[in-house]
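Remarks on the overall topology
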Amino acid sequence: MASVKELMEMVRNKKQAIQAQSGRRASTVKPQPGKSKWRILPGWRGETDPTFYKDFGQHFVKGVDGTLKAVYMCVEKTFGKICPVCESINAGIAEASSDEVINALKEAKAKGRVLVNALHLDGEDPSTPVILDLTPGTFEKVLEVMEQYGEEGVNMLDLDGGIDIVINRTGKGINTEYSVMAAVKSGSVDKSVLKKLNNLDDYVAQEYEEGRVKALSAVSAVAGLPAPAGAADTPRTPALGLDGDDALAGEFVVEIVTPSATPSAPSMDEVSEDDLDALLGELGS
């Protein structure tokens, strides 16, 4: 018979597999309007790799009426690879016959983001790392503060002697602006937080054929071009909540597709998600 530790590991692995196959991922967090206090955390790869941030980008394809049609990652913004969605958008703009179509396609171009692990110190759970989603311009301001303190010999990511930051968000939509400054007072961070860091490599690994075809089909429909081959046979994905750019905040639920490559744990195929939650609760009590 499996030990409690082995059973717990099997249960967690299966639960993660179910979540991956359903397209659910941890949500990123953006600084809310006004001032908020944060602590940027060290890298998730361990002491051998100090990388603490990850580039990411998404395409939000909308019709000329503003209706959101598809969301899919931009592999150029995320991995520096040739992006088929970017190419399709550019081709559509070149063939477009109206300003409305051109504007809709331009809006579908991916806006780069930078992701970091951080503690939201004045949030509801200040001891649990979240994936903080920043614009490149805002992240540059974070780097400037880090550089300033680094010249004085201070490592802002150090758990004991690091520095908290305050992000002030003003404006709305395309007029949103962010300022970044060091907090007046900073505290130490418990080392146990390192065990809770989000793996940003896993988070951005969202290439998926279904999502790619859906995004390409949406671009083609907006541009009035033929749909890509195989689009008609693409299965539907359950609708999920959207965490998009600030300009899209408050819009509605859309279909989002993400990879389902996480392997299932053995001998747990018939366990439902509700059963897993209940079992985890009993074992953890």
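Residues numbered from 1 in each chain as written. Predicted model: local features only at pLDDT ≥ 70, side-chain atom pairs only at ≥ 80, totals over all residues. Heavy atoms only, no water.

Here we take up the side chain of Lys54. Structurally, Lys54 can be placed in strand β3 (residues 53-62). A distance of 2.9 Å separates polar atoms of two side chains, one belonging to Lys54 and the other to Asp201. Look past the residues within four positions of Lys54 in its chain and what remains in contact with it is Trp44, Arg45, Arg113, Val114, Leu115, Leu200, Asp201 and Val204. (Helix = DSSP H or I, 4+ residues; strand = E, 2+ residues; numbered from the N terminus. Polar contact = N/O pair within 3.5 Å; in protein donor to acceptor, adjacent residues only side chain to side chain. Contact = heavy atoms within 4.5 Å.)

Next up on the list: the packing of helix α3 (residues 84-95) against helix α4 (residues 99-107). The N-to-C vectors of α3 and α4 enclose an angle of 165 degrees; their axes lie 9 Å apart at closest approach. Comparing the axis directions of α3 and α4 gives the class roughly antiparallel. Where α3 crosses over α4, the handedness of that crossing is left-handed. Only Ile102, Leu105 and Lys106 of α4 make contact with α3, whose side of the interface consists of Ile89, Gly92 and Ile93. Its residues assigned to classes, the contact of α3 with α4 comprises four nonpolar, one polar and one charged. (Axes fitted to C-alpha atoms, helices over the stretch in contact; angles between N-to-C directions. Parallel < 35°, antiparallel > 145°, perpendicular 65-115°, else oblique. Left-handed = near helix turned anticlockwise from the far one by under 90°. Nonpolar A, V, L, I, M, F, W, Y, C, P; charged D, E, K, R; others polar.)

Following the sequence through the fold, Gly92 ends up in helix α3. A C-alpha to C-alpha distance of 7.4 Å links Gly92 and Leu225, two positions 133 residues apart in sequence.

So, on to the packing of aromatic side chains. According to the stated counting rule, one finds four aromatic pairs in the structure shown. Considering the side-chain rings of Phe52 and Tyr53, the 5.3 Å spacing of their centres and the 80 degrees angle between planes classify their relative orientation as edge-to-face. Among the residues examined, Phe52 registers a relative accessible area of 9% and is labelled buried. The class for Tyr53 is partly exposed, based on a relative accessible area of 35%. On the basis of an interplanar angle of 50 degrees and a centroid distance of 5.3 Å, the ring pair of Tyr53 and Phe139 is categorised as tilted. Taken together, the residues span a long stretch of sequence, with Tyr53 in strand β3 and Phe139 in helix α5 (residues 136-150) at a distance of 86 residues. (Phe/Tyr/Trp six-rings, centres within 6.5 Å; stacked < 30°, edge-to-face > 60°. Buried < 20%, exposed > 50% of the residue type's maximum accessible area, 1.4 Å probe, protein only.)

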